[in-house]
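Understanding the architecture of this molecule
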Amino acid sequence: MYPKTYETLAQAAERTGITVKTLRRWISSGRLPAFRYGARLIRVEPHEVDRLMCAVKTA
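Summarised in this report is the structure supplied together with it. Residue numbering note: each chain is counted from 1, following its sequence as written. Local features in this predicted model are restricted to residues whose pLDDT is 70 or higher, and side-chain atom pairs enter the listing and the counts only when it is 80 or higher, whereas totals over whole chains, interfaces and linings include all residues. Computation of side-chain values: all heavy atoms of the structure, hydrogens and water removed.

In what follows, salt bridge is the name for a side-chain nitrogen of Lys or Arg lying within 4 Å of a carboxyl oxygen of Asp or Glu. If you walk through the whole model with that rule in mind, you get four salt bridges. Ionic pairing is found between Lys4 and Glu45, a salt bridge with its closest N-O pair at 3.9 Å. Of the two residues, Lys4 is situated in the segment before β1 (7-8) and Glu45 in the loop between β3 (41-44) and α3 (46-51); the sequence distance between them amounts to 41 residues. For Glu45, a relative accessible area of 8% corresponds to the buried category. Between Arg51 and Glu48 there is a salt bridge; the shortest N-O distance is 2.8 Å. Here Arg51 pairs with Glu48, and both are found in helix α3, just three residues apart, close to one helical turn. A single salt-bridge network, built from bridges that share partners, covers Glu7, Arg15 and Asp50. A run of H or I in DSSP becomes a helix once it reaches four residues, and a run of E becomes a strand once it reaches two; helices and strands are each numbered from the N terminus. Think of it in three bands: with a 1.4 Å probe and only protein chains considered, a residue is buried below 20% of the maximum accessible area for its type, exposed above 50%, and partly exposed in between.

The subject of this paragraph is the sheet that holds β3. With antiparallel pairing, three strands are arranged side by side in an open sheet as β1-β3-β2. The strands lining the two open edges of the sheet, one partner per strand, are β1 and β2 (35-37). A pair of strands counts as paired when DSSP detects no fewer than two bridges linking them. For β1 and β3, the ladder comprises two bridges, and the chain directions are antiparallel. Looking at the pairing, Thr8 lines up with Arg43 of β3.

Definition used in this section: a nonpolar core is a set of buried Ala, Val, Leu, Ile, Met, Phe, Trp, Tyr and Cys residues joined via side-chain atoms within 4.5 Å. One finds Leu9, Ala12, Ala13, Ile18, Leu23, Trp26, Leu32, Ile42, Val44, Val49 and Leu52 forming the largest nonpolar core, which totals 11 residues. Listing elements by their share of this core, those giving two or more residues are α1 (9-16), α2 (20-29) and β3. At three residues, α1 tops the list of elements feeding residues into this core. Beyond its immediate sequence surroundings of up to four residues, Ala13 is in contact with Ile18, Thr19, Val20 and Leu23. Residue contacts are counted whenever heavy atoms from the two residues lie within 4.5 Å of one another.

Don't take any of this as a statement about function, it's just geometry.
Below, the structure is given as structure tokens:
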């Protein structure tokens, strides 16, 4: 089994083009699982962020 990888909200935002504010909103709503390290550090798994992105149907 591969070790889990985590990224900061800023890294996830830069990689996907989603704002940190939106990522925080998704975490608060339970849509995006996140992990807290200490009192202030929040990390997410990259595949969980990617899972929320879906293809747009075209005509």
